[in-house]
Structure formats: C-alpha cells, structure tokens
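Chains, contacts and geometry: an overview
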Amino acid sequence: MDKLKIRGGNRLMGTLDVAGAKNAALPELCAALLSAEPVTLCNVPRLQDVSTMLKLIRNMGVSAEHHEDGSVTLNAGTLNKPEAPYELVKTMRASVLALGPLLARFGHAKVSLPGGCAIGSRPVDQHIKGLQAMGALITVDHGYMLASLPEGRTRLKGARITTDMVTVTGTENFMMAAALAEGETVLENAAQEPEIPDLAEMLIQMGAKIEGHGTRRIRIQGVERLHGCEHQVVADRIEAGTFLCAVAATGGDVVLRHGRADHLEAVIEKLRDAGATIEAGEGFIRVKSDGRLKAQSFRTTEYPGFPTDMQAQFMALNCISQGASKVTETIFENRFMHVNELVRLGAHIQIDGKVSVIEGVEKLSGAIVMATDLRASASLVIAGLVAEGETIVDRIYHLDRGYDRMEAKLRAVGADIERIQ
C-alpha cells in the first residue's frame, strides 16, 4: 500500500496546473451513455475514480479509449448491458449517476447501491423519488436498484421534481434522465455547483434543451435522441482550493494555471481575510503568503457557500494560524475524522458535535498519520508540508481517488514529498 513521505518546512514557489474536475468528469462520462454516437471529453483527470468509472462503462459494452493528451473518447452505440455491478462500484459513490442515463435511453437499468468515502450517509432515496416522479418503477433488492418503465411506455415523462435537500448528484441524474424524457421537467431546489452548468453545457452540445442551469430552478425540454459531442471538462475547484491552502500555509508564492477564481469565491474570501494575497485573471489564480496567517471561522454549506470538500484543508491551515477559530460542518455528519490525525501532528482541536474549535499553534511536528477519506488525505498533506521533521501519510489510495498526481505537482514547486511503498 502506497504512502507519502513529507519533510516539512519548504515554501512552495512556482507554477501549478489545475486538472479537470473529478466531480464534473464522472457525471459527464455517464452522460455519454445517453447517445449512440461518439463523445470525446477533454481534460479528464487521471484519477482512481475515473479509472473505476471507465472500467464500469466498458463492462456495459461501451468502447472507451483514454488518449495521451488526457482526453477520453466513448462510443455507447455498442452498449449491451445496462448494469453497474457492486464489484465495480463498491469504492465509488458516483456509480448512482449511471441510473438516470441508462433508464432514459434503454428503459431499464440495474445499478448497485454506491460506496465511497465513509464521511456520512449519502442517501439515494432522493434519486429514486425523482425518477419515480418521471414514471420509473424502482425497487431496491439485495443491494441493487432495479429500474424499469411501466408496460407500454418507451420513455420517461417530464415532471416537476422538488428534492427534500440540495443534492448535486441528484440534480445531475435528473437532468440527464430528463434530456430524453417526454415533455418538460422542472427541477426545483437544484444544486448550483459549477459542475452542474458544465454538465448542462455538455448535454446542450449533444442536443438537449436546458435552461436555468446554475440556478435553483432548471427546466429541461426532453428530446427523442442525443448526438455525440466534444466537451472540455471544467477545472477542478477543489484541487485548486487545496493548493491555495497549501501555498498559504507554507508562506509560498504560486500561480495556478487554469484555476477559476469565480468558482472559489468563499474560499478566496477567507484566505484574504487570513492575510494571504490572491490575484486572479482569465485562467489563473496567484496566491502569496508571508508569515503566519490569522485563523478564520467558517461554516460549510451548499454552493456558493463554503464547500464541505474544502473544510479539512482549511482546518489544517487554521491549525498553524494565529488565534482561535470555529469550523461548523453542516453537510456530512462524519467529516471530522481527520481531526484525530491532525492532533497527532500537534494540532489543538476540540470537537463538539458539528463544531470543531481550533487553537492555532506555532508549529506542528511530523508523525505517522492515516488518511480516512479523500479530503482528509489532503489536509494531512498540507499539515505535513509545514510540520517539523518527517510525516508519513498512510492509506493514500483515498488521495488518488480525487487528486491527479498530487505529490508530483507539489514536488515541482519545491515540496520535499515522495511516494513510497
């Protein structure tokens, strides 16, 4: 099992490239299932979750070719098995995204209940209720969602869907399913994360009729068929935000190429309040930090608020900042599992339910720590970059699910970090 060995104390200086977004690439790979024509996605990140999704898609009979330039070409005209077996999706919650496209195009699907990080419950009941409103018959049996259309129907039907909570994957599933449904579908309480309009733009290139993407209400007029397209995956705002925190923590100066500041406004505002200098323009973000920053309190919430996927990384920054801070997690109930590992490095953190109180310390000390989930892994890397001595981060297969060769990118800007067996 691979680990990362980090010797802290180096400032990060130079230029980094931000990869394509995992949370955009995964639904867009599933969106390719909606058409029998070739679809090419550019800027696809080289991640474990992407490899798993491609393996799943190929298992359905789809041709999927990964090119050297980071693009992937899929041809779902050969799809003959609309199933997502547990063996292929047990490590990835995004498998549920196959349900809407398969059901919309073929009228039936068998999809395993998803796996993924153990950061809290991720109920699929919203997906089921929404697709049922569109006329689907869905049962859950032996860990699988079995979906079909009523006898005599060949297409889903448009519906007004209001979810009980804001759900990103739910919004994506409904949008993909509605693209081939009969009539109009209106999604109320839709997610607004940047990956939603990116998926919508891809679907529109394929011939879908969608309005309002990026707002709380999305309207989709169903069409009979979708064609192929070529689409550029949007830059990963969470990878960019992670590097922003790493540079700020180490007192560095780095330009993030392809970074989208407009997708990170809540995080950038907190970094500026902490004392970091942030410049941004078309296709870049520059972050500069001199000396110890000021601790910042924040509360995670749906986009455009502070993202839950940046909570752990910013907490690592708070651990070595001046003063006390309070971090409130409102999205996932188990997303403080990195706290005990940060404490092993010398952080002062106390948890009370959904709130963590951090008392900043002048320095952390290297130790052996264990990653518990994807973003927890990133927080431990940031802490290791500033800790005195050597830090070993174990179980980094979590990290590989969401970051494209993180250690190589950090090493290129001055970090003393290497992957070891």
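This is a predicted model, so every value here is computed, not measured.

1. Points about the overall build of the chain
Looking only at helices and strands, the chain has 14 helices and 24 strands in total. Relative to a compact globule of 421 residues, whose C-alpha radius of gyration would be 22 Å, the chain shows 21 Å and is just as compact. The C-alpha extent of the chain, read off along each of the three principal axes, is 70 × 45 × 40 Å. In the chain, which comprises 421 residues, the share counted as buried stands at 58%. Residue pairs at least 24 apart in sequence account for 74% of intrachain contacts in the chain once pairs closer than 6 positions are excluded. Split by element, the accessible area of the chain, about 16200 Å² in all, is 46% carbon and sulfur.

2. Side note on the state of the cysteines
On inspection of all chains with the given rule, the structure shows zero disulfides. The thiol sulfur of Cys245 is not disulfide-bonded, and the nearest other cysteine sulfur, from Cys319, lies at 12 Å. A residue is classified by how much of its surface remains accessible, and Cys319, at 1% relative accessible area, is buried.

3. What to know about the sheet that holds strand S19 (residues 324-328)
Reading across the sheet, the four strands line up as S18-S19-S21-S20 and stay open at both edges, with mixed pairing between neighbours. For this open sheet the edge positions go to strand S18 (298-299) and strand S20 (348-352), each flanked by a neighbour on one side alone. Across the sheet, helix H10 (residues 311-319) touches S18, S19, S20 and strand S21 (355-359), and the angle it forms with S21 is around 30°.

4. Here's the deal with helix H6 (residues 168-179)
The end-to-end C-alpha distance of H6, which contains twelve residues, comes to 17 Å, matching closely the 16 Å that a straight helix rising 1.5 Å per residue would cover. Burial of H6 is extensive: eleven of the twelve residues sit out of reach of the surface. Residues Thr169, Gly170, Thr171, Glu172, Asn173, Phe174, Met175, Met176, Ala177, Ala178 and Ala179 constitute the buried set of H6. Its side-chain oxygen at 2.9 Å from the backbone nitrogen of Gly170, Thr167 defines the N-terminal cap of H6.

5. Side note on the sheet that holds strand S14 (residues 229-232)
The strands that make up a sheet pair up through hydrogen bonds in the backbone, lying either parallel or antiparallel. Strand order in the open sheet made by the four strands is S4-S5-S3-S14, with mixed pairing throughout. Because the sheet does not close on itself, it has two edges, and the strands there are strand S4 (63-66) and S14. Each strand axis lies, on average, 15° off the axis of its neighbour in the sheet, ignoring direction. Two elements, strand S3 (residues 38-42) and strand S5 (residues 72-75), share four bridges in a ladder whose sense is antiparallel. By the bridge assignment, Pro38 is partnered in S5 with Asn75. Contacts from helix H7 (residues 195-205) reach S3 and S14, with the element oriented near 160° to S14.

6. Quick notes on the confidence of the model for the chain
Model confidence for the chain is summarised by a mean pLDDT of 94, while 98% of its residues fall at 70 or above. Below pLDDT 50 for its whole length, residues 116-121 participates in 21 contacts with residues either more than four positions away or in separate chains.

7. As for the nonpolar core
Membership of the largest hydrophobic core comes to 79 residues, with the highest contact counts inside it found for Met175 and Leu203. Look past the residues within four positions of Met175 in its chain and what remains in contact with it is Leu187, Ile196, Leu199, Ala200, Leu203, Ile210, Ile218 and Ile220. Ala261, Leu317, Phe336 and Leu342 belong to the second largest nonpolar core, which has 69 residues in total.

8. Some remarks on the packing of aromatic side chains
One pass over the structure, following the stated rule, counts three aromatic pairs. Seen from their ring centres, Phe298 and Phe314 are 5.4 Å apart, and the 75° between their planes marks the pair as edge-to-face. You can see Phe298 sitting in strand S18 and its partner Phe314 sitting in helix H10, a full 16 residues away along the chain. Considered together, Phe298 and Phe314 belong to a single accessibility category, that of buried residues.

9. Remarks on the pattern of salt bridges
Under the definition given, this model contains 24 salt bridges. Of the charged contacts in the structure, one is a salt bridge between Arg260 and Asp262, with a shortest N-O distance of 2.9 Å. Between Arg419 and Glu407 there is a salt bridge; the shortest N-O distance is 3.0 Å. Placement of Arg419 in strand S24 (residues 416-420) and of Glu407 in helix H14 (residues 406-412) is noted, with a sequence separation of twelve residues between them.

Reading the values: the criteria
- Residues numbered from 1 in each chain as written.
- Predicted model: local features only at pLDDT ≥ 70, side-chain atom pairs only at ≥ 80, totals over all residues.
- Heavy atoms only, no water.
- Helix = DSSP H or I, 4+ residues; strand = E, 2+ residues; numbered from the N terminus.
- Rg over C-alpha atoms; globule rule 2.2 N^0.38 Å.
- Buried < 20%, exposed > 50% of the residue type's maximum accessible area, 1.4 Å probe, protein only.
- Contact = heavy atoms within 4.5 Å.
- Areas by Shrake-Rupley, 256 points an atom, 1.4 Å probe, with all protein chains shown as cover.
- Disulfide = S-S within 2.5 Å.
- Pairing = 2+ DSSP bridges.
- Axes fitted to C-alpha atoms, helices over the stretch in contact; angles between N-to-C directions.
- Expected span 1.5 Å × (residues − 1).
- Polar contact = N/O pair within 3.5 Å; in protein donor to acceptor, adjacent residues only side chain to side chain.
- pLDDT = per-residue confidence, 0-100.
- Core = buried A, V, L, I, M, F, W, Y, C linked by side-chain atoms within 4.5 Å.
- Phe/Tyr/Trp six-rings, centres within 6.5 Å; stacked < 30°, edge-to-face > 60°.
- Salt bridge = Lys/Arg side-chain N within 4 Å of Asp/Glu carboxyl O.

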